[in-house]
Structure formats: structure tokens, C-alpha cells
Amino acid sequence: MYQQRLQPLNGDTHATDADLTILRRSAYFIVSYFAGVYGSGLVGSMLASVTHYSDKPLDALGAVLLSAVAIKTLTFFSEQDPLSLLQRWRGGTNGNK
């Protein structure tokens, strides 16, 4: 017997962990790791200046936020059709498909 994949009730078609290959998951991890490590100081200091919180450094929170934004951005671009994005960037179809 095979296991049937359940479809979400709300029509949401986002990729789940089972839909991603091990190579793609590894790439997401590496990109989010390096984005968090290298951008944590900048984002942490920006958070500290916006919130006026100076008791402890906010670098760890900045790393988490930056990693989450990196994953969200990678997921968004991987779900798009590159040709339609290029066509829209070059002038688009002006609403005609």
C-alpha cells in the first residue's frame, strides 16, 4: 500500500519539509547560517537603536531574524517562474497573458 499525500484545506501549496530535496534543504541551511552569522551584528545594533534596549546585545535576535528573512526570500524565489519574473522585469505583458 502507498500513503496518499494530503492536500491542505485552504488551497495553500507551499513546500513542506518532505517536498524539499536534501540538497535544497542543505543549501537553505548554509545560506541562512551565513546570513545570520555575518549580519547579526548589524541587525542587532539596528534593533538596539530602534528599541532603545541596551542591557544586553541583540545580536542573537538579529541572527535569527536575518536567517528567517533569508529562508523566506529563498522560498519565495524558488516558487516563482523565472521566465515570468524576467518578463515582468523587462516590461511585462501589460496584464495580458
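Bear in mind the structure is a predicted one, so any value in this text is a computation, not a measurement. Sequence positions are assigned chain by chain, starting from 1 and proceeding in written order. In keeping with the predicted nature of the model, local features appear solely for residues at pLDDT of at least 70, side-chain atom pairs appear and are counted solely at 80 or more, and the whole-chain, interface and lining totals rest on all residues. Calculation of side-chain values draws on the structure's entire complement of heavy atoms; hydrogens and water are dropped beforehand.

With that out of the way, let us pick up the packing of aromatic side chains. To describe a pair of aromatic rings, one takes the distance between the centres and the angle between the planes. Under the pairing criterion, centres of Phe, Tyr and Trp rings, with the six-membered ring standing for Trp, must be within 6.5 Å; the plane angle then separates stacked pairs below 30 degrees from edge-to-face pairs above 60, leaving the rest tilted. Taken as a whole and assessed by the stated rule, the structure comprises four aromatic pairs. Measuring from ring centre to ring centre gives 5.2 Å for F76 and F77, while their planes differ by 70 degrees; the resulting arrangement is edge-to-face. One aromatic cluster is present, built from ring pairs that chain together F29, Y33, F34 and Y38.

On the surface, F29, I30, Y33, F34, V37 and Y38 cluster together into a nonpolar patch covering about 700 Å² of accessible area. Numbering of helices and strands runs from the N terminus; a helix is a DSSP stretch of H or I covering at least four residues, while a strand is a stretch of E covering at least two. Assignment of secondary structure puts I30 in helix α1 (residues 22-51). Nonpolar side chains (Val, Leu, Ile, Met, Phe, Trp, Tyr) within 5 Å and like charges within 9 Å form the patches, drawn only from residues with over 30% relative accessible area and no salt bridge. Residue burial considers only the protein chains on display, and all accessible areas are found by Shrake-Rupley using a 1.4 Å probe. In the sections that follow, a salt bridge refers to a side-chain nitrogen of Lys or Arg positioned within 4 Å of a carboxyl oxygen of Asp or Glu.

Let us look at helix α2 (residues 59-79). In a helix, the anticipated span is given by 1.5 Å times the number of residues less one. Between its terminal C-alpha atoms α2 stretches 30 Å, which fits the 30 Å expected from 21 residues at 1.5 Å a residue. Buried means the residue's accessible area, taken with a 1.4 Å probe over protein chains only, is under 20% of the maximum for its type, while exposed means over 50%, and partly exposed covers the values in between. Those residues of α2 that fall on the buried side of the exposure criterion are G62, A63, S67 and A70. Projected onto a plane normal to the axis of α2, the buried residues spread over an arc of 130 degrees and lie on a single side. What points out from α2, more than 90 degrees from its buried face, is the exposed set V64 and K72. On its buried face, α2 is in contact with α1. In this description, one arc is meant: the one made by directions from the helix axis to the C-beta atoms. The contact rule is simple, with two residues in contact once any of their heavy atoms fall within 4.5 Å.

This part covers unusual backbone geometry. With the exception of glycine, the majority of residues adopt a negative phi angle, and the majority of peptide bonds are in the trans configuration. Phi angles above zero are rare outside glycine, and H52 is one such case at about 55 degrees. Take H52: it is sitting in the loop between α1 and α2.

Fair warning: the whole summary comes from geometry, so function is off the table for now.
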